Amino acid sequence: MLNIVIFGPPGAGKGTQSKMIIEKYKLMHLSTGDILRAEMAKKTPLGMEAKNLIEKGDLVPDEIVNKMMKKKIEENADQRGFIFDGFPRTPEQAEALDKMLAEIGSGISVMISLEVDEQELIDRLLKRAEIEGRKDDNIETIKNRINVYNEVTSRVMNHYKKTGRSRSVSGTGSIEEIFERICRVIDDFA
Ligand code: AMP
């Protein structure tokens with residue numbers, strides 16, 4: 001399997017690039033944010049529990065997202081591979097993900113971190129708010145999400161650095177330029 005973690009702060013372009021990666025490499029896209037928003041729209045107990053946290057820009061507890069992802073991975077173990085978008089966001093989630101993949105005889109091939117400076121992230125997210133109307137794309141929540149990334153999520157990178165499976169890629173430039181940089185990394189690890 002080819003399993004990729006696409007990593008980076010909110011607004012780095014993980015979702016946009018994931019869509020292009022799954023087309024080219026025929027992988028399955030697993031975005032915890034998308035799954036949680038779908039649960040919220042359906043007003044499931046999980047969605048209702050996550051709603052307040054998401055709207056404040058705080059993280060949903062590890063047990064909830066881990067369980068959600070374990071189910072998706074087990075149900076789709078016959079895929080060519082996965083692209084994990086927005087997960088793992090804590091070192092504990094990263095360890096849990098290694099276990100989930102080990103259970104299906106697989107593991108993470110590479111973690112690709114998209115690097116974008118903070119003002120650019122804020123500008124992109126405010127622009128996205130006008131287009132998509134996501135409730136957590138407002139200035140107060142955006143700042144909290146970037147803080148959560150800097151304080152907690154960025155530590156996930158160490159998990160993959162330890163085994164030499166992390167690569168940084170500049171997330172500025174045209175969507176196509178960024179995609180080319182990402183493909184070069186993937187092809188090195190595939
Ligand atoms: P995203 O679409 O990836 O920006 O995620 C939107 C929000 O969903 C985040 O700000 C968190 O509140 C929640 N969320 C998404 N993925 C995770 C995760 N792996 N762990 C905890 N919370 C998450």
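Residues numbered from 1 in each chain as written. Predicted model: local features only at pLDDT ≥ 70, side-chain atom pairs only at ≥ 80, totals over all residues. Heavy atoms only, no water.

## What about the packing of aromatic side chains?
Phase 1 of the analysis: Within this structure, the stated rule accounts for 3 aromatic pairs.
Phase 2 of the analysis: For the pair Phe-82 and Phe-84, a centre-to-centre distance of 5.6 Å together with 45 degrees between the ring planes defines the contact as tilted.
Phase 3 of the analysis: What makes Phe-82 buried here is its relative accessible area of 0%.
Phase 4 of the analysis: For the pair Phe-84 and Phe-87, a centre-to-centre distance of 6.4 Å together with 50 degrees between the ring planes defines the contact as tilted. Of the two residues, Phe-84 and Phe-87, both sit in the buried class.
Phase 5 of the analysis: Feature note: the residues Phe-82, Phe-84 and Phe-87 constitute an aromatic cluster, connected by ring pairs. (Phe/Tyr/Trp six-rings, centres within 6.5 Å; stacked < 30°, edge-to-face > 60°. Buried < 20%, exposed > 50% of the residue type's maximum accessible area, 1.4 Å probe, protein only.)

## Remarks on the site of the ligand
Phase 1 of the analysis: Close contacts around the ligand come from 15 residues, with Thr-32, Arg-37, Asp-58, Gly-86 and Arg-89 the closest.
Phase 2 of the analysis: In this structure, a nitrogen atom belonging to the ligand sits 2.9 Å away from a side-chain N or O atom of Arg-89.
Phase 3 of the analysis: Alone, the ligand offers 480 Å² of accessible surface; in the complex the protein occludes 96% of this.
Phase 4 of the analysis: Element by element, the count of residues in the shell around the ligand is highest for helix H2 (residues 32-41), at 4 residues. (Near = heavy atom within 4 Å. Polar contact = N/O pair within 3.5 Å; in protein donor to acceptor, adjacent residues only side chain to side chain. Areas by Shrake-Rupley, 256 points an atom, 1.4 Å probe, with all protein chains shown as cover. Helix = DSSP H or I, 4+ residues; strand = E, 2+ residues; numbered from the N terminus.)

## Re the pattern of salt bridges
Phase 1 of the analysis: Under the criterion given, the structure shown has 12 salt bridges.
Phase 2 of the analysis: A salt bridge links Glu-75 to Lys-71; the nearest nitrogen and oxygen atoms lie 3.4 Å apart. Of this pair, Glu-75 and Lys-71 both sit in helix H4 (residues 62-75), 4 residues apart, which is roughly one turn of that helix.
Phase 3 of the analysis: For Glu-75, a relative accessible area of 47% translates into the label partly exposed.
Phase 4 of the analysis: The shortest N-O distance in the salt bridge between Arg-145 and Asp-136 comes to 3.8 Å.
Phase 5 of the analysis: Residue classification places Arg-145 among the buried positions, given a relative accessible area of 10%.
Phase 6 of the analysis: Residue class for Asp-136 comes out buried when judged on its relative accessible area of 7%.
Phase 7 of the analysis: When salt bridges that share partners are traced, they join Arg-128, Arg-134, Asp-136, Asp-137 and Arg-145 into one network. (Salt bridge = Lys/Arg side-chain N within 4 Å of Asp/Glu carboxyl O.)

## Comments concerning helix H1 (residues 14-25)
Phase 1 of the analysis: The end-to-end C-alpha separation of H1 is 16 Å, in line with the 16 Å expected for 12 residues at 1.5 Å each.
Phase 2 of the analysis: Within the sequence span of H1, burial applies to Lys-14, Gln-17, Ser-18, Ile-21 and Tyr-25. For H1, the angular spread of the buried residues around the axis is 105 degrees, confining them to a single face. Residues Lys-19 and Glu-23 are exposed on H1 and point more than 90 degrees away from its buried face.
Phase 3 of the analysis: For H1, the elements touching its buried residues are strand E1 (4-7), strand E2 (28-31), strand E3 (82-85), strand E4 (110-115) and helix H9 (175-189).
Phase 4 of the analysis: Just beyond H1, the residue with positive phi is Lys-26, at close to 55 degrees. (Expected span 1.5 Å × (residues − 1). Arc of directions from axis to C-beta. Contact = heavy atoms within 4.5 Å.)

## Structural notes on the packing of H4 against helix H5 (residues 91-103)
Phase 1 of the analysis: Running from N to C, H4 and H5 point in directions that differ by 20 degrees, and their axes come no closer than 10 Å. Regarding the angle of H4 to H5, the classification is roughly parallel. The element H4 and its partner H5 pack so that their crossing is right-handed. Facing H4, whose interface residues are Asp-62, Val-65, Asn-66, Met-69, Lys-70, Ile-73 and Glu-74, H5 presents Glu-92, Gln-93, Ala-96, Leu-97, Met-100, Leu-101 and Glu-103.
Phase 2 of the analysis: Of the residues contributing to the contact of H4 with H5, the split by class is 7 nonpolar, 2 polar and 5 charged. (Axes fitted to C-alpha atoms, helices over the stretch in contact; angles between N-to-C directions. Parallel < 35°, antiparallel > 145°, perpendicular 65-115°, else oblique. Left-handed = near helix turned anticlockwise from the far one by under 90°. Nonpolar A, V, L, I, M, F, W, Y, C, P; charged D, E, K, R; others polar.)

## Let's talk about the packing of H2 against helix H3 (residues 45-56)
Phase 1 of the analysis: Interhelical geometry of H2 versus H3 gives an angle of 115 degrees and a closest axis separation of 8 Å. In the crossing of H2 with H3, the sense of the turn from one axis to the other is left-handed. Contacts between H2 and H3 involve Leu-36, Glu-39 and Met-40 from the former and Leu-46, Gly-47, Ala-50, Lys-51, Ile-54 and Glu-55 from the latter.
Phase 2 of the analysis: Its residues placed into classes, the contact of H2 with H3 shows 5 nonpolar, 1 polar and 3 charged.

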